[in-house]
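Examining the three-dimensional arrangement
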Amino acid sequence: MSLDPAPLRRPRRLRRTAAIRDLVQEVRLHPSDLIAPLFVQDGTDAPTPVASMPGVMRFNLDDLQREARELTALGVRGIALFPVTPPALKDPMGREALNPNCLILLAVRAVKAAAPGLAIFTDLALDPYTTHGHDGLLTADGTDVDNDATVAVLAEMGVLHARAGTDFVAPSDMMDGRVAAIRRALDAANLTSTGILAYSAKFASAYYGPFREAVGSARAAGTRSLDKRTYQLNPANPREALAEALLDEAEGADVLMVKPAGPYLDILAQLRQRTLLPLAAYQVSGEYAQLHAAAARGWLELEPCRDESLLAIKRAGADWILTYFAKDVARALQGS
Ligand code: PBG
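Residues numbered from 1 in each chain as written. Predicted model: local features only at pLDDT ≥ 70, side-chain atom pairs only at ≥ 80, totals over all residues. Heavy atoms only, no water.

Thoughts on the site of the ligand
We apply this condition: The nearness test applies per residue and asks whether one of its heavy atoms lies within 4 Å of the molecule or strand. Any N or O atom pair separated by 3.5 Å or less is treated as a polar contact, with the protein-specific requirement of one donor-capable and one acceptor-capable atom, and with residues adjacent in sequence counted only for side-chain atom pairs. Here the Shrake-Rupley method, with its probe set to 1.4 Å, supplies the accessible areas, and only the displayed protein chains count as covering residues. The pocket and cavity definitions rest on a 1 Å grid over protein atoms only: a 1.4 Å probe that fits but cannot leave marks a cavity, an open set with protein on both sides within 12 Å along at least five of seven lines marks a pocket, and residues lining either have an atom within 4 Å of a point. A pocket or cavity is taken to hold a molecule when more than half of that molecule's atoms are within 2 Å of the pocket's grid points.
In the vicinity of the ligand, 18 residues are found, and the nearest of them are Lys202, Arg212, Lys259, Ser285 and Tyr324. One of the side-chain nitrogen or oxygen atoms of Asp127 is found 3.1 Å away from a nitrogen atom of the ligand. In this structure, Lys228 approaches the ligand through a side-chain N or O atom, which is 2.8 Å from an oxygen atom. Considering the ligand on its own, with 400 Å² of exposed area, one finds that the protein chains cover 99% of that surface. The pocket occupied by the ligand, as judged from atoms lying within 2 Å of grid points, is the largest cavity.

Encoded structure:
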């Protein structure tokens, strides 16, 4: 076979100058793609850093309000709030979750007052509140999470969050039937405008370690993680993940989410082909930590790797990306 000495097709023409490259760019990041996860803590302490997540802070309510305003000014349209529950308020049943003045509800009200234009997402799961760190109530023998008893509590929690003003409740527990139960409870309480962002394909991932440090949720002795494999998905099962997501759609979810994001781009891309709902992806704490760790050693350049990781998630099909890089990226995009 002879090689054509002068190829007719020269794809490099479209990469020749910065102007042409910009004109042909297919996928772009925008601040309104990003949702910033924020940790909120009790009391009046100055922001406390999370050791394994450089640049990430736990905020008191005043500092949370300031952060919400700063994010708004940078063009970010949504935040996901996570409470750091004081250990004294935890018990095996996670009762604090139903306290009408618990930290997360105070945080929702505070952000709504400070930055009313920002969309708020709050998790429905019991892990911030339970001494054992599982996302639900345990069965009588303590060996598993009790599905239906947990769903009943999540539905009650959803009503409290919605009344406080959250825009979307985000069940992150992976119990069966929870989206339908939460939707019914919200509708019965006349909270028909509150949306559900379903953590639909949430995998039993080892990348959640730094998050569990940030919120102080329990981990199994001697490890960084707790075994949640009876409810979170097996990382080896793409078909099961898609089935879960389509079930959440059928149960009334408004937006579906894949989590983690970077290691599960195939799931995102396949789900994009199978639903017309908006898709979110959660670039989780471990994905953030690994880029920072490599950058701190001088092994990777942080900003280009950060942007590439987010572009990849968007390219795979995500409309929204929950990312701890949200503020940095929004700031960088403002200058661009
Ligand atoms: C709680 C929850 C977790 C994360 C978000 N919500 C941890 C877990 O499931 O154990 C992890 C987020 C991250 O790692 O950034 N259900």
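Quick look at the layout of surface pockets
We count it as follows: Grid points are joined across faces, edges and corners, and a volume is the space filled by probe spheres set on the points. Secondary structure elements are defined from DSSP: runs of H or I of at least 4 residues count as helices, runs of E of at least 2 residues count as strands, and each element is numbered from the N terminus. Amino acids are sorted into nonpolar (Ala, Val, Leu, Ile, Met, Phe, Trp, Tyr, Cys and Pro), charged (Asp, Glu, Lys and Arg) and polar (every other residue, Gly among them).
The calculated volume of the largest pocket comes to roughly 280 Å³. Elements with a contribution of two residues or more to the lining of the largest pocket: β1 (34-41), β3 (57-59), α2 (61-73), α9 (285-296) and α11 (326-334). It is α11 that provides the largest number of residues to the lining of the largest pocket, a total of four residues. For the lining of the largest pocket, the class distribution of residues is eleven nonpolar, three polar and four charged.

A short note on the side chain of Asp91
Our working rule: What makes two residues a contact is simply this: any of their non-hydrogen atoms within 4.5 Å.
Summarising the element assignment, Asp91 is placed in the loop between β4 (78-84) and α3 (103-114). A polar contact of 2.7 Å, which involves the side chain of Asp91, links it to the backbone nitrogen of Met93. A polar atom in the side chain of Asp91 sits 3.2 Å from the backbone nitrogen of Arg95. Residue contacts for Asp91: discarding those within four places in its chain leaves Tyr129, Thr130 and Thr131.

Some details on the pattern of salt bridges
Pairing between side chains of opposite charge can happen when their charged atoms approach one another. Applied cut-off: A pairing counts as a salt bridge when a side-chain nitrogen of Lys or Arg comes within 4 Å of a carboxyl oxygen of Asp or Glu. Accessible area is worked out with a 1.4 Å probe on protein chains only. A residue is then buried under 20% of its type maximum, exposed over 50%, and partly exposed in between.
By the definition in use, this model includes 15 salt bridges. The closest approach of N and O atoms between Asp135 and Lys228, which form a salt bridge, is 2.6 Å. In this pair, Asp135 is assigned in the loop between β5 (119-124) and α4 (147-164) and Lys228 in the loop between α6 (209-215) and α7 (238-250), connecting sequence segments 93 residues apart. Here Asp135 matches Lys228 in class, with each residue buried.

Brief notes about the packing of α4 against helix α5 (residues 178-188)
Applied cut-off: All axes are obtained by fitting lines to C-alpha atoms, using only the stretch in contact for helices, and the reported angles, taken between N-to-C directions, cover 0 to 180 degrees. Here roughly perpendicular refers to angles of 65 to 115 degrees, roughly parallel to angles under 35, roughly antiparallel to angles over 145, and oblique to all remaining angles. Crossings are assigned a handedness: left-handed for a near helix turned anticlockwise from the far helix by less than a right angle, right-handed for a clockwise turn.
Where α4 contacts α5, the two axes come as close as 9 Å, and the packing angle between them is 45°. As summarised for this structure, α4 and α5 are arranged oblique, according to the angle between their axes. By crossing handedness, the relation of α4 to α5 is classed as right-handed. The segment α4 lies against α5, with Val151, Leu154, Ala155, Gly158, Val159 and Ala162 engaging Arg178, Ala181, Ile182, Ala185 and Leu186. Its residues assigned to classes, the contact of α4 with α5 comprises nine nonpolar, one polar and one charged.

Re the packing of aromatic side chains
This is how the line gets drawn: Put simply, two rings from Phe, Tyr or Trp (the six-membered ring, in Trp's case) pair if the centres are within 6.5 Å, and we call them stacked under 30 degrees between planes, edge-to-face over 60, tilted for the rest.
Following the criterion strictly, the structure yields 13 aromatic pairs and no others. A centroid spacing of 6.4 Å and a plane angle of 40° characterise the contact between Phe82 and Tyr282, whose relative ring orientation is tilted. Residue Phe82 is located in strand β4, and its partner Tyr282 is located in strand β9 (residues 279-283); the two are separated by 200 residues in the primary sequence. The exposure classification of Phe82 matches that of Tyr282, with both residues buried. When the ring of Tyr282 is compared with that of Tyr324, the centres are 6.1 Å apart and the planes differ by 45°; the resulting orientation is tilted. Of this pair, Tyr282 sits in strand β9 while Tyr324 is found in the loop between β10 (320-323) and α11, placing the two residues 42 residues apart along the sequence. Accessibility assignment for this pair places Tyr282 and Tyr324 in one class, buried.

Here's the deal with the nonpolar core
The following threshold applies: By nonpolar core we mean a set of buried residues, namely Ala, Val, Leu, Ile, Met, Phe, Trp, Tyr and Cys, connected to one another through side-chain atoms within 4.5 Å.
Of all hydrophobic cores here, the largest spans 101 residues; its most connected members are Phe39, Ile79, Leu81, Leu197 and Tyr282. Of the residues forming this core, the biggest block, seven residues, is contributed by α4. Setting aside its immediate chain neighbours within four residues, Phe39 contacts Met53, Val56, Met57, Arg58, Phe59, Phe82, Val84, Phe211, Ala214, Val215 and Tyr324.

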